[in-house]
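# Geometric and topological summary
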Amino acid sequence: MRAKIDYFLKFLRGTTLLLLLLISYQANAQVKVTGIVRNDEGSPLENVTVRVKDFNVATKSNEVGQFNLEIKPEHKILVFSSIGYKTMEVPINGRTVININLNASASGLDEVVVMGYSSTRKKDLTGSVGIVNMEDLQKAPVQSFAEALGGRVAGVQVVSPDGKPGSTPNILIRGLGSITQDSRPLYVIDGVPIEDPDNNMIDPADIETMTVLRDASSTAIYGARGANGVIVITTKKGKKGPSVVRYNGYYGVNQPYKYYKLLSPYEFVRLVSDQFGAASNPYLTGGKSLEDYRNVKGTDWQDLLMRTGTSNNHSINISGGDNNTVYSVSANYIKQTGILIASDYTRYQGKLSLDQKVGKRAKVGGMLTYTRNLTTGGDPSPGATSSLFFSAYTYRPIAAPAFAEFPIEDLLYDPQNDAGDYRLNPIISYSNELRNRINKNINGTAYLEYNIARGLKFTTRGSIYSIEMRNEVFNNSKTRSGGPYSSLGINGTVTNISRDVLSNTNLLQYNTLLGANHNITAMIGTDLQETNYKAFAVGATNIPDETLGISGIDAGIVQQNRANATLTKNTLMSGFGRVDYNYAGKYYVTASFRADGSSKFQQHRWGYFPSAAVKWKLSEEKFFKGQSFISDANIRLTYGEAGNNRVGDFDYAAKLDFTSQLYLQGSLVGLNAVTQTLANPELKWETSVQKNLGFDLGFLNNRLNLTVEFYHNKIKDLLYRTPLPGNTGYTSTIKNIASLSNRGMEISLGADLVKNKDFSFSTNFNISFNKNRLDALSDPDEEGILTVVNWEPNFASTPAFISRIGGPLGQIYGYISEGLYQYEDFDKLPNGTYVLKPHVSGSVVQIGRGVPPGAEKYKDINGDGMITDDDKTVIGNGYPIHTGGWSNNFRYKNFDLNIFFQWSYGNDIINANRIWFNGGELTYRSNLGPQNAFAEYVNRWTPTNTNTDIAKIGSNANVYSTRYVEDGSYIRLKTFNLGYRFPTKMMSRYKIKALRIYVAASNLITLTKYKGYDPEVSTYSSGLSPALDYSSYPRPITVTGGINLTL
Amino acid sequence: MNRLFITVSIFLLFICGGCKKILDTKPQDFLSPGTYFNKAEDATAALNAAWQMLTRKEMYGGTYQFRWLTTDDCFTALSAAFPANLGLDASNSQYTTRWNQMYQTIQYLNVVLANLPKVVMDETEKGVIRGEALFLRGFLYYELAKEWGAVPLRITPTESPNDVNIPGTPVAEIYAQVLKDLTEAETLVPTTASAMYGGAGYAARTTVQAMLARVCLSMTGYPLNDASKYQDAKDWAQKVVESHEHALNPDFTKVFINYAQGVIDKKESLWEIDFNYVPTYTAASGYIGYLDGIRQTNNAFGNSAGQYRVTRKLILSYGPYGDTKDLRRDWTCVPWFWKGNASTEDIEANKTYWGPTALYSRYFGKFRLYYCPETFTAAGQSPINWPMIRYSDVLLMLAEAENALNGPTPLAYNCINQVRERAWGKMLPGATDIEESHIPDGLSKEQFQEELQMERYRELAGEGLRKQDLIRWGIFISNVKGLLSDILDPTFPAEANRNATTSGQSYYSVLNLNKVSERDLLFPIPPAELQYNKMLKQNPGW
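Notes on the structure in this doc start here.

Calculation criteria
Residues numbered from 1 in each chain as written. Chains lettered and ligands numbered in written order. Predicted model: local features only at pLDDT ≥ 70, side-chain atom pairs only at ≥ 80, totals over all residues. Heavy atoms only, no water. Helix = DSSP H or I, 4+ residues; strand = E, 2+ residues; numbered from the N terminus. Rg over C-alpha atoms; globule rule 2.2 N^0.38 Å. Buried < 20%, exposed > 50% of the residue type's maximum accessible area, 1.4 Å probe, protein only. Contact = heavy atoms within 4.5 Å. Areas by Shrake-Rupley, 256 points an atom, 1.4 Å probe, with all protein chains shown as cover. Lys, Arg positive; Asp, Glu negative; His and termini not counted. Charge placed at Lys NZ, Arg CZ, Asp CG, Glu CD. Axes fitted to C-alpha atoms, helices over the stretch in contact; angles between N-to-C directions. Parallel < 35°, antiparallel > 145°, perpendicular 65-115°, else oblique. Left-handed = near helix turned anticlockwise from the far one by under 90°. Nonpolar A, V, L, I, M, F, W, Y, C, P; charged D, E, K, R; others polar. Buried area = accessible area lost by both parts, 1.4 Å probe. Salt bridge = Lys/Arg side-chain N within 4 Å of Asp/Glu carboxyl O. Phe/Tyr/Trp six-rings, centres within 6.5 Å; stacked < 30°, edge-to-face > 60°. Lys NZ or Arg CZ within 6 Å of the ring centre and 35° of its normal. Pairing = 2+ DSSP bridges. Polar contact = N/O pair within 3.5 Å; in protein donor to acceptor, adjacent residues only side chain to side chain. Patch = residues over 30% accessible without salt bridge, like charges linked within 9 Å, V, L, I, M, F, W, Y side chains within 5 Å. Disulfide = S-S within 2.5 Å. Core = buried A, V, L, I, M, F, W, Y, C linked by side-chain atoms within 4.5 Å. Expected span 1.5 Å × (residues − 1).

Looking now at the overall build of chain A. For chain A, the count of helices and strands is 9 helices and 58 strands. Here the C-alpha radius of gyration of chain A, 33 Å, is about what a compact globule of 1047 residues would show, namely 31 Å. Reported as C-alpha extents along the three principal axes, the dimensions of chain A are approximately 115 × 75 × 65 Å. By residue count, 58% of the 1047 residues in chain A fall in the buried class. Partitioning the intrachain contacts of chain A with sequence separation of at least 6 by distance along the chain shows that 69% fall at a separation of at least 24. Carbon and sulfur atoms make up 55% of the accessible area of chain A, which amounts to about 40,800 Å² in all. Across chain A, 107 positive and 94 negative side-chain charges occur, with their mean positions spaced 9 Å apart.

Below is the structure:
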């Protein structure tokens, strides 16, 4: 038999249109075999490939599941395959009618991978795509998937700011992709691309699949938004069958797992003497001596601030349907009380999805989600002395005799403190600050699918993603900002923000089989999106009565600087296309192209993003047959370009500002119109050029799977503030000028090690290495970017991080500590002063006080005899060398156990807490009264205790040094989940389909050298300042008990 | 197949139909220069932005005057790295700040001038705004050419971030542009008598004329040495005089008390930088009287850092120490200092007088905070205005130009003697023996010029004009170098000179000044400018 194929394929790039103009098919056959393919529920299946095994003959089933094939006598076996179903081989045995039912595939290579606009079988993937094991992830008792995503998929790094309930971690895919702009991935939620969604909007239990698109061959189809990777989420939809009710509920406790040890009252009093002199130590008055404090137990403010929190979650889902209609209804309630007083998180969510067949060819459906989040409790680290833990650590544990009668725990201020000492009772102030963040989210999608012809499907989808956010801030008389130390009186501000994203997507999908071996899937589509952003705020001071709360804002004095009115929008219009071709499941070629038009740009309004991928499935080659050890082997090579369009909506335009006021002869003349920025009509998106080489190996019928990926992403046209010569009238402007690159390797290993009736053990391991490098900055190049973290005004101009050209981004920058200046470094002059010996390097950074014995000593790198700015160097890595996760599932009879470890290795953290509370410059500021400190401060340098590395009181500079840089590597038991599934037989008596009870825990064990509360921390986080910890919200250990119930 | 093509066609419509408009969004949240400039207020607000730049500390807010312009009249009595102390690197950020702010202001002005034509407003008023903008641009380029030499000349707004490479324009061409701007401005701005005249900070017609005289006189000296400009200088100065809008304030001290009190005396003061004390808006105030002034840090008489001191040479230029009738001396060179912990407002009781040999410690006293309406202002928030052009300057410029053209004519004598009469209190009620204040009759042209140079020294000391005077006369380096021998003069007790205050800082400051060299005739071009403007060259010696 011979088949003759003529085809003519035309791919029009400019309009992203692919037209199949002519398909002709001729066959010459003897016997006709026909039949109907159905799924396991009996519905006809369209588009199933029916192929004659080992021969070049194939066809596809039509819309009623029917296929016709002409065969020759030598044809023995038919192979049925379709996305989402297990491939089936059926011997012909001389039959002319063969009706079969295909089983849906649960996992493995036939697993369907949702890639946003399209889906494919795992075995047909050409790009680098990570699939999140949702079953595992859902075992973590968390309110958002983002909290549990770290370590689940190779290449995904989760940078978590702290442990506050409702806080949103930053997700990086294959490293930091931008210097100044947002590096977060694009989300595609049920087919709708959304930048920066509220991840708390989605109940993790309601997620059906989650896929991470890592390389540009998968993300280029998202064009100007794909450079930072794409996370594709589909939520649960209805399934045909009788109604099923699923319930997941848990209740548990959150516990702090670490405290900083503070000085005992005895040591505290001794410290006060050291600082102020014993004669003016208020604790040594009224006949008290130091020894009297030996066994006194003081107030532990840290302990009072922390509490045992609770986690309470109920998720319910009801779904079902028939041949024509399927539905799914879900609801979720979660309430977490944080481990700091007054910080809670509450979510209510409801979701409805409905899919309806209309006639034979059409299907309509939609989905509507409503979420309301409420986060309470202030930011624990607003900076400097305002930070919550500053008060908690330094507040005096005991009263001096003269103040013994004051109930300090009930007073907002410590009466013992001088005026100008702004420390507040952390318990009272924090619990009185109203900081409510209310997010209301509506996400609605409606679609129409229409099967135009066999293999040709048109889909149109419209959606709205709408978020209403209200921030309520109110400071009553018992707070820092509204109390007696504030000139503002009782004050409050309400901010309303709304963001509406309207989208429309149209897709035309085609797939066909030409001859037996040419599989073609093609898609073209358009996207339209409009984003409207509005923010309005009003605030007032001197509100007459605090009992009014925020409703008293109109009774106070409305302040201009607390008012805000922002109105902005952007639009995006796109056309895209993608072709997947494979020859006999052996040789794969994929190409995609997208054109994006964005209102954010002027001259470069349109961007074009191509990609291509090839794959060779070696295991299908003849030379692989005849052995059963290696069951799957692929080599994949991809190339693509994707963009990052996260710039302001009108950043290209010159801005006129009205902030400066002109006074003449004592009176205000008016606001000046200041031309603040230079227009940059050439502004464009940042482009990431990505190359990926991947290897997949499956062993022993794919019980063991190994994937190794190598990638090199070169990101160019990065937006960076480039200096201008002064003659332009400006000192800098934002230009697409910098570039950086990310290179890395990812290894994922999965194994079903044991699979018995009573016992099974499977394990999944992944590790990701990423190295980034700043390639270029401005023109001419600056040496690098210094990044300041403004956690304390004295450090407001001290760079904490450096990103040097040729080096990685976000490295910690400062001095190398060399212990302390000791007496032997000095010559003692007859008048009693100490002068450094000639060979010992002095210090410019500490000048003004001279360098006394006991001061911190730094390495004189350039050897000029002076410690200056030139002696600063890289003293730590802000980003890890590798991160990863290891998930293990055990099942013994009805018991199941999931143990998930997550780690990060090679990253360092600036523990700024220790700069202040353990001997840095800031410890014991002279303008504050007695301050408590960390317990290690006992060992500070004194003339009698010189063998130490903790400096003498108040003799250091405001610098970062290796002393405060700690290894942030950790490995932690992130999720632990032990369950028991009641026997089905027993349950069916109660009409229960399934019941499982479980104990789940988060962050149960952490191994780290980091001395702070938690190594997963990044206060004041930005891409260039990833690792500083100051007064962060501690991350809790969560232990819960729950049930999964299916009715 | 038909169905397929219909669908594809519909699909194509989706892509191409009416799409262009969708991407054309307009900013709703802010204005840009292209959409602004519609009404008179817009133009005024944009011009005000430029006026306000002049009040920046490195522009004319005080830092520039008291930390940059040290010569042989006053010096910065602080060993810190200020331009005044010479010997800084070109990379010092202070140079960058002033350079950038100068051009920032010029950009504001260019934006105003470029957009003014489309503003719908009264044409005369529009002319005034154009005139003010041109005056200011002319003034700033004059300052730039004096301070930096051949600098980039921009007379249209910078519009593209790629428009960065501009070569230095030869000084003569910059002056040509300055004259063009100022002469046009002169025809557009109102007279001080006009209702449209806006006060101390605004340029009136005579202000522009006086500035033209100053520019022309500068052109006669180093580096252009264009003697033909004496006539223009004389003509412009004479126009000011003949406008009869100006006259000397009879009381020399009152001139400066007015600046402190916020009293505008248009007759004496042709142009001021207007500073204001606004408790909630520190940017409105300056450092005049704060960086300089009579040191006092506990606020009883206003908070002054007292960093600006007078030289012995200046003190003695008014005549022998014990025998001078020139009232300017003890106002300019304060013979006393505040007692420590001054706490009452009894001024006399809080004074401590310097000894007669302590001639290197005295504070520069033209701007005194204790005359301000609010003397208890916070540190560094001074409302004292800064004089840009005073009438005595105009008279002395006229005398200098006249002498250069025609020798010491009666006009030249008359001008200089007016200034001297006021200085000796001969314009005050009841003054007698007016002639004793006059300079000697019968001087030669050269002698007259010498006398005139000293008169400018005495009259305008500490007002930021001395350095440029010395440079255009070609005697800057020799004069500054001469200070060292002056302080080391063995006929005066050296220790008292150097060390009368605390640490002998005066001596070290003068020692700093001895580093003066050719390169100090110009400031260095900031490194960022050279780095990013590849067509500009660094000034010699830097």
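Here the focus is the environment of A522(A). Along the chain, the position of A522(A) falls in strand 27 (residues 518–541). For the pair A522(A) and R578(A), spaced 56 residues apart in sequence, the C-alpha separation works out to 5.6 Å.

Another point: the packing of helix 8 (residues 229–242) of chain B against helix 12 (residues 391–406) of chain B. Residues and elements named next belong to chain B. Running from N to C, helix 8 and helix 12 cross one another at 140°; their axes reach a closest spacing of 8 Å. Classified by the angle their axes make, helix 8 and helix 12 are oblique. Pair helix 8 / helix 12 crosses with left-handed handedness. From helix 8, Y230, Q231, A233, K234, A237, Q238, V240 and V241 reach across to helix 12, where they touch Y391, V394, L395, L398, A401, E402, A404, L405 and N406. Looking at the contact of helix 8 with helix 12 residue by residue, the class counts come to 12 nonpolar, 3 polar and 2 charged.

Let's shift gears to the interface of chain B and chain A. With 60 residues of chain B at the contact, the number on the chain A side is 72 residues. Regarding the contact of chain B and chain A, the summed buried area is about 5,500 Å², with carbon and sulfur atoms giving 65% of it. Summed over the shared surface of chain B and chain A, the result is 1 salt bridge. R605(A) is paired through a salt bridge with D24(B); the nearest N and O atoms lie 2.7 Å apart. Mapped onto the side of chain B that touches chain A, the elements with two or more residues apiece are helix 1 (2–16), helix 2 (40–53), helix 4 (93–115) and helix 19 (527–532) of chain B. When grouped by side-chain class, the residues that make up the side of chain B that touches chain A number 33 nonpolar, 17 polar and 10 charged.

Another point: the packing of helix 2 of chain B against helix 4 of chain B. Between two packed helices, the angle of one axis relative to the other and the distance separating the axes together describe the packing. All names here are of chain B. At their nearest, the axes of helix 2 and helix 4 sit 9 Å apart, and the two run at 160° to each other. Regarding the angle of helix 2 to helix 4, the classification is roughly antiparallel. By crossing handedness, the relation of helix 2 to helix 4 is classed as left-handed. Contacts between helix 2 and helix 4 involve A46, L47, A49, A50 and M53 from the former and Q101, Q104, T105, Y108, L109 and V112 from the latter. Considered class by class, the residues forming the contact of helix 2 with helix 4 number 8 nonpolar, 3 polar and no charged.

We now examine the packing of aromatic side chains. Scanning the entire structure with this criterion turns up 84 aromatic pairs over all chains. Positioned above the aromatic ring of F30(B), the side-chain terminus of K655(A) is 4.7 Å from the ring centre. The positively charged end of R519(B) is found above the aromatic ring belonging to W542(B), 3.6 Å away from the centroid.

The next subject is unusual backbone geometry. Residues Y222(B) and P223(B) are joined by a peptide bond in cis, for which omega reads 5°. Residues other than glycine seldom take positive phi values, yet N701(A) does so here, at roughly 55°. The topology assignment puts N701(A) in the loop between strand 37 (686–699) and strand 38 (704–723). If you check the backbone angles, Y1020(A) has positive phi at about 55° while not being a glycine. By secondary structure assignment, the location of Y1020(A) is in the loop between strand 56 (994–1008) and strand 57 (1028–1029). The partly exposed category is assigned to Y1020(A), whose relative accessible area is 25%.

This part covers the sheet that holds strand 5 (residues 58–60) of chain A. Residue and element names in this part refer to chain A. With respect to topology, 4 strands assemble into an open sheet ordered 5-4-7-8, the strand pairing being antiparallel. A strand with exactly one partner marks an edge of an open sheet, and here the two such strands are strand 5 and strand 8 (88–91). Strand-to-strand twist across the sheet, computed as the mean angle between neighbouring axes with direction ignored, equals 20°. Two strands pair when backbone bridges link them, and strand 7 (residues 77–81) and strand 8 are joined in this way by 4 bridges, in the antiparallel orientation.

This part takes up the side chain of R578(A). All names here are of chain A. Relative to the assigned elements, R578 resides in strand 29 (residues 564–583). The exposure class assigned to R578 is buried, which follows from its relative accessible area of 8%. Engagement of the side chain of R578 in a polar contact is seen with the side chain of D580, the distance being 3.1 Å. Non-local contacts of R578, meaning those with residues more than four positions away in its chain, are made with M115, S118, T126, S217, I221, T521, A522, M523, T590, A591 and S592.

What follows deals with a nonpolar patch on the surface. Residue and element names in this part refer to chain A. On the surface, a nonpolar cluster with roughly 820 Å² of combined accessible area is contributed by V253, Y892, F895, I971, L978, V999, L1004, I1005, L1007 and V1039. Elements represented by at least two residues in the nonpolar patch include exactly strand 55 (970–981) and strand 56. Here the nonpolar patch gets 4 residues from one element, more than from any other, and that element is strand 56. Considering the arrangement of structural elements, one finds L978 in strand 55.

The next point concerns the state of the cysteines. If you walk through the whole model with that rule in mind, you get 0 disulfides over all chains. Residue C372(B) stays outside any disulfide, its sulfur separated by 19 Å from that of C74(B), the closest cysteine.

Turning next to the pairing of strand 17 (residues 207–213) of chain A. Residue and element names in this part refer to chain A. The buried count for strand 17 comes to 5 of 7 residues, which makes it a mostly enclosed element. Here strand 12 (residues 129–131) runs beside strand 17; their pairing, made up of 3 bridges, is antiparallel. Of the residues in strand 17, the one forming a bridge with V129 is L213. Judged from the 6 bridges that link them, strand 17 and strand 18 (residues 230–235) form a sheet pairing that is antiparallel. Directly across from M210, in strand 18, lies its bridge partner I233.

So, about the sheet that holds strand 6 (residues 66–71) of chain A. Residue and element names in this part refer to chain A. Read from one edge to the other, the open sheet built from 3 strands follows the order 6-3-9, with strand pairing classed as mixed. Looking at the sheet topology across the chains shown, the edges are occupied by strand 6 and strand 9 (100–102). Each neighbouring strand pair of the sheet contributes to a mean axis angle of 35°, computed without reference to strand direction. Direction of pairing for strand 3 (residues 31–39) relative to strand 9: parallel, over a ladder of 3 bridges. Bridge pairing links N39 to L102 in strand 9.

Counting residues in each nonpolar core, the largest one holds 130 residues, and the members touching the most others are L54(B), Y60(B), M211(B), V215(B), W271(B), V394(B) and F448(B). Among the elements that line this core, the one with the most residues is helix 5 (residues 123–148) of chain B, at 12 residues. Residue contacts for V215(B): discarding those within four places in its chain leaves Y142(B), Y175(B), V178(B), L179(B) and L182(B). With 42 residues, the next largest nonpolar core counts Y393(A), Y395(A), I910(A) and Y1013(A) among its residues.

For the rest of this paragraph, the subject is helix 13 (residues 410–423) of chain B. Residue and element names in this part refer to chain B. Between its terminal C-alpha atoms helix 13 stretches 19 Å, which fits the 20 Å expected from 14 residues at 1.5 Å a residue. Most of helix 13 sits out of view: 10 of its 14 residues are buried. Every buried residue belonging to helix 13 is among A412, Y413, C415, I416, N417, V419, R420, E421, R422 and A423, and all of these are buried. Here the buried face of helix 13 lies against helix 9 (252–261), helix 11 (328–332), strand 6 (386–390), helix 12 and helix 14 (445–460). Of the residues one or two after helix 13, G425 is the one with positive phi, at around 75°.

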